[in-house]
Amino acid sequence: MPDITNKSLTEIVDLIKKKEIKSEEVTNSYINNIKKGKKLNSFITESFDNALTKSKNFDANPNYELLLPGVPLAVKDLFCTNGIRTTAGSKMLENFVPSYESTVTSNLWSEGAFLLGKLNCDEYAMGSSNETSFFGNVINPVKENTVPGGSSGGSASALAADFTPATIGTDTGGSIRQPASFTGTVGLKPTYGLCSRWGIVAFASSLDQAGPMTKTVSDCALMLQAMSGFDLKDSTSINKKKENYSKKLTKDIKGLKIGIPKEYRVSGMPNEIEELWEKGKKILKEEGAEIIDISLPHTEYALPTYYIVAPAEASSNLARYDGVKYGFRSSKGSNLIEMYENTRSEGFGDEVKRRILIGTYVLSSGYYDAYYIKAQKVRQLIKNDFDNAFTKVDAILTPSTPSAAFKIGEKKDDPISMYLNDIFTVPANLAGIPAMSVPIGHDKNNLPLGLQLIGKTLGEQTLLNLAFSMESKSNFKQKIIKWWEK
Ligand code: GLN
């Protein structure tokens, strides 16, 4: 049987629908790859038995009307899966088996997909390199000594290595777009509220959003349609009809106005990123879009604002891990307070503790007005910048990241340089607007680089169309030599 695992999700769905391949064969092909790819450490939990049973059930009773008929999918280990361990990359949840299913995964399963396994991620999705995971760091399949980005690093790695035909991640400050950029894949953070947060382990609730990570833009449209939708169980879910993004996907972008924000030209940015940006502009222009210089004046405050708001919300969300209700409990301590203290100091890793400390500090009386309230006000100014820009343009084009994938260990002990990675991605989360990363080129070391498209609230279709057009014209090809199979 020819290898189908390097095909796109759309191609695999077509083969299944045309009855040229069975779901069980597809599933076995991915399982085979995963077994040979342990070195990448992209999986925390495998659910092969579940996948094989579901694929056989599908083949015995197929429904080709579904969006993802008989498709095996591995997902970030931040989505709760009923009966299958969900760790959030933390020792705290090492043995946590949810008795419920997240809305997003349940939407995927209703469309005919099933779970292949749970993918590694930074602990509680806090990180940009997948080095904060309790289950060890993940390796970028593109190059052995490099990080896949984070926090959805396991998702990006597994996707690029052909361990899953598509995947999902979460993006609080860039965790879908940055790893997509680092691995030469497509990643979309939808409008806040488009995909339900119910059943996703919470990091910073006003920023968290789930989204697709795929090999192609068409796959991204398909996944977004399958996973999104109104959910009564999430009070911030947007009540609107599901969109058929694939049907409306077009490369015709004539007349669209694309903003280039001058504030995204940061000092110290490698020339290659600048060149990539120019390449993106050129493609869009040639395809009939109009390029317009714009200003987003509060951009420089986005990163500090994010690193106040996100830890503040995290410190509140993570208060629930007390060793009593669920999760890890320390056996040390002779009274309740000591049990809490030991549980939290043994159960959480360093980065999570750092966030809890920052968050507790900025929320404490005396500092609340100076930090938290101020950050909320600046957040509004950042949102206003985008609102103003979108009176003139339909979308904004920027680099996804200030550099290509860095080496394992390079930034691990320097939190500030790690945080600086998120400089281009956090503004969209603060404003709640959609943004996606599209692979466009490579740096001098042949590492992939992505460009980011930022859109208006619920402007996902425009982003997908722009990305579709850029994808077809960029000539980006990611050749991965499967060095880990040797
Ligand atoms: N790297 C950012 C952080 O560590 C974003 C993480 C995310 O989007 N989950 O907070």
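Coordinates for the structure precede this section.
A.B. asks: I'd like a description of the overall build of the protein chain, backed by residues and values.
C.D. replies: The number of helices and strands found in the protein chain is 16 helices and 11 strands. Compactness check: the protein chain gives a C-alpha radius of gyration of 21 Å against a globular reference of 23 Å for 486 residues, within 12% of the reference. A principal-axis box enclosing the C-alpha atoms of the protein chain has dimensions of 65 × 55 × 45 Å. Burial status across the protein chain gives 60% buried among its 486 residues. For the protein chain, the exposed surface amounts to about 18,700 Å²; the carbon and sulfur share of it is 50%.

A.B. asks: Please give an account of the site of the ligand that cites residues and values.
C.D. replies: Within the structure, the ligand sits among 15 residues, and Thr172, Gly173, Ser175, Tyr306 and Arg355 are positioned closest to it. One nitrogen or oxygen atom from the side chain of Ser128 is found 2.8 Å from a nitrogen atom belonging to the ligand. Arg355 is positioned such that a nitrogen or oxygen atom in its side chain is 2.7 Å from an oxygen atom of the ligand. About the coverage of the ligand: the protein hides 99% of its 300 Å² of free accessible area.

A.B. asks: Kindly report on the sheet that holds strand β1 (residues 43–46), identifying the contributing residues and their values.
C.D. replies: Spatial strand order, β1-β3-β2: three strands in an open sheet with mixed pairing. Two strands bound the open sheet, and with one partner strand each, they are β1 and β2 (72–76). Going across the sheet, the axis of each strand differs from the next one's by a mean of 35°, ignoring polarity. Where β1 lies against strand β3 (residues 114–119), three bridges are found, and the strand directions are antiparallel. The residue bridging Glu46 from the neighbouring strand is Gly117, located in β3. Sheet strands in contact with helix α2 (residues 23–36) are β1, β2 and β3, and its direction is about 15° off that of β3. Sitting on the sheet, helix α4 (residues 103–110) is in contact with β2 and β3, with an inclination near 175° to β2.

A.B. asks: Explain the sheet that holds strand β9 (residues 395–399) to me, and be specific about the residues and the numbers.
C.D. replies: The eight strands are arranged β4-β6-β5-β10-β11-β9-β7-β8 in an open sheet whose pairing can be described as mixed. The open sheet is flanked by β4 (167–170) and β8 (290–294), the only strands paired with a single partner. Mean inter-strand twist for the sheet, computed between neighbouring axes without regard to direction, equals 30°. Direction of pairing for strand β5 (residues 186–189) relative to strand β10 (residues 435–442): antiparallel, over a ladder of three bridges. Note on β10: the bridge partner recorded for Gly187 is Ser437. Across the sheet, helix α7 (residues 217–227) is in contact with β4, β5, β6 (210–214) and β10; its angle to β6 comes to roughly 150°.

A.B. asks: Describe the packing of aromatic side chains, listing the residues and the values that go with them.
C.D. replies: One pass over the structure, following the stated rule, counts 20 aromatic pairs. Between Tyr321 and Tyr326, the ring centres sit 5.9 Å apart and the planes meet at 80°, which makes this aromatic pair edge-to-face. Cluster of aromatic residues (ring-pair linked, three or more members): Phe96, Tyr124, Tyr321, Tyr326 and Phe348. The cationic tip of Lys233 hangs over the ring face of Trp198; the distance from NZ or CZ to the ring centre is 4.1 Å.

A.B. asks: Go over helix α16 (residues 460–474), please, and point to the residues and values.
C.D. replies: End to end, α16 covers 20 Å across 15 residues, agreeing with the expected 21 Å (1.5 Å per residue, within 8%). When you tally the buried positions in α16, you get 11 out of 15 residues, the bulk of the element. For α16, every residue scored as buried is listed here: Glu460, Gln461, Leu463, Leu464, Asn465, Leu466, Ala467, Phe468, Ser469, Met470 and Ser474. Following α16 by one or two positions, Asn475 has its phi on the positive side, about 60°.

A.B. asks: Give a description of the pairing of β3 that names residues and reports values.
C.D. replies: Counting buried positions over the six residues of β3 gives six, a clear majority of the element. Here β2 runs beside β3; their pairing, made up of five bridges, is parallel. The residue of β3 that forms the bridge with Ala74 is Gly117. Regarding topology, α4 serves as the crossover connection from β2 to the parallel β3, and that connection is right-handed.

A.B. asks: Please give an account of the pattern of salt bridges that cites residues and values.
C.D. replies: The final tally for this structure, using the stated rule, is 19 salt bridges. With a closest N to O distance of 3.0 Å, Arg265 and Glu274 form a salt bridge. A relative accessible area of 23% places Glu274 in the partly exposed class. We note a salt bridge from Asp387 to Lys383, for which the minimum N-O separation is 3.2 Å. Of this pair, Asp387 and Lys383 are both found in helix α13 (residues 368–389), four residues apart, which corresponds to roughly one turn of the helix. Using a relative accessible area of 37% as the deciding quantity, one classes Asp387 as partly exposed. Classification of Lys383 by relative accessible area gives partly exposed; the value is 25%.

A.B. asks: Describe a nonpolar patch on the surface, and please don't skip the residues or the numbers.
C.D. replies: Together, Tyr361, Tyr367 and Tyr371 make up an exposed nonpolar region whose accessible area comes to about 290 Å². Mapped onto the secondary structure, Tyr367 falls in the loop between α12 (350–363) and α13.

A.B. asks: Please provide a residue-by-residue account of the packing of helix α9 (residues 271–286) against α16, values included.
C.D. replies: It is at 10 Å that the axes of α9 and α16 come closest, and there the two elements cross at 105°. Of the possible angle classes, the one that applies to α9 and α16 is roughly perpendicular. Of the residues in α16, those in contact with Lys279, Gly280, Ile283 and Leu284 of α9 are Leu466, Ser469, Met470, Lys473 and Ser474. Per-class residue counts for the contact of α9 with α16 are four nonpolar, three polar and two charged.

The rules behind each value
- Residues numbered from 1 in each chain as written.
- Predicted model: local features only at pLDDT ≥ 70, side-chain atom pairs only at ≥ 80, totals over all residues.
- Heavy atoms only, no water.
- Helix = DSSP H or I, 4+ residues; strand = E, 2+ residues; numbered from the N terminus.
- Rg over C-alpha atoms; globule rule 2.2 N^0.38 Å.
- Buried < 20%, exposed > 50% of the residue type's maximum accessible area, 1.4 Å probe, protein only.
- Areas by Shrake-Rupley, 256 points an atom, 1.4 Å probe, with all protein chains shown as cover.
- Near = heavy atom within 4 Å.
- Polar contact = N/O pair within 3.5 Å; in protein donor to acceptor, adjacent residues only side chain to side chain.
- Pairing = 2+ DSSP bridges.
- Axes fitted to C-alpha atoms, helices over the stretch in contact; angles between N-to-C directions.
- Contact = heavy atoms within 4.5 Å.
- Phe/Tyr/Trp six-rings, centres within 6.5 Å; stacked < 30°, edge-to-face > 60°.
- Lys NZ or Arg CZ within 6 Å of the ring centre and 35° of its normal.
- Expected span 1.5 Å × (residues − 1).
- Right-handed = clockwise from strand over helix to strand, strands pointing away.
- Salt bridge = Lys/Arg side-chain N within 4 Å of Asp/Glu carboxyl O.
- Patch = residues over 30% accessible without salt bridge, like charges linked within 9 Å, V, L, I, M, F, W, Y side chains within 5 Å.
- Parallel < 35°, antiparallel > 145°, perpendicular 65-115°, else oblique.
- Nonpolar A, V, L, I, M, F, W, Y, C, P; charged D, E, K, R; others polar.

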